[in-house]
Amino acid sequence: METEFSPIPPDYYDMFLEEQKKEFSKVFYFVTGNDVEEAKGKITGLVKSDGFKKYLTFDSGDKVRVDRIITVNGIPGPAYDEYDAYALACLNCNVQAD
């Protein structure tokens, strides 16, 4: 199930422009739910489609929705906090000691 597009802070667009100058980038992102995928290659641009949704495009043909990006070359992206919260979820369990 696809989530609704969430606007992201403008600083991330600056980061994407800087990363676009590199010859190779690796991006981890949420696809659906908590499924994580990887896109890699040269970032070729930022496109808008489906109304308000924005995507990073790659020379490999990959297209990644910007609000679902966890990291770009190891730098936290807009969805990093969501990923971090998911990763730490088991630490928030209420476990009773015997």
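See the structure above.
Because the structure is a prediction, the values reported are computed rather than measured.

Asks: Even after reading the chapter, I still don't get the packing of aromatic side chains, so can you show me in this structure?
Replies: Ring pairs (aromatic) are described by centroid distance and by the angle formed between their planes. Per the stated rule, a full pass over the model turns up three aromatic pairs. Ring geometry for F30 against Y83: centres 6.3 Å apart, planes inclined by 50°, an arrangement best described as tilted. Here F30, found in strand β1 (residues 25-30), pairs with Y83, found in helix α2 (residues 80-87); they are 53 residues apart in sequence, far enough to count as distant. F30 sits in the buried class, given a relative accessible area of 2%. For Y83, a relative accessible area of 33% corresponds to the partly exposed category.

Basis of the calculations
Residues numbered from 1 in each chain as written. Predicted model: local features only at pLDDT ≥ 70, side-chain atom pairs only at ≥ 80, totals over all residues. Heavy atoms only, no water. Phe/Tyr/Trp six-rings, centres within 6.5 Å; stacked < 30°, edge-to-face > 60°. Helix = DSSP H or I, 4+ residues; strand = E, 2+ residues; numbered from the N terminus. Buried < 20%, exposed > 50% of the residue type's maximum accessible area, 1.4 Å probe, protein only.

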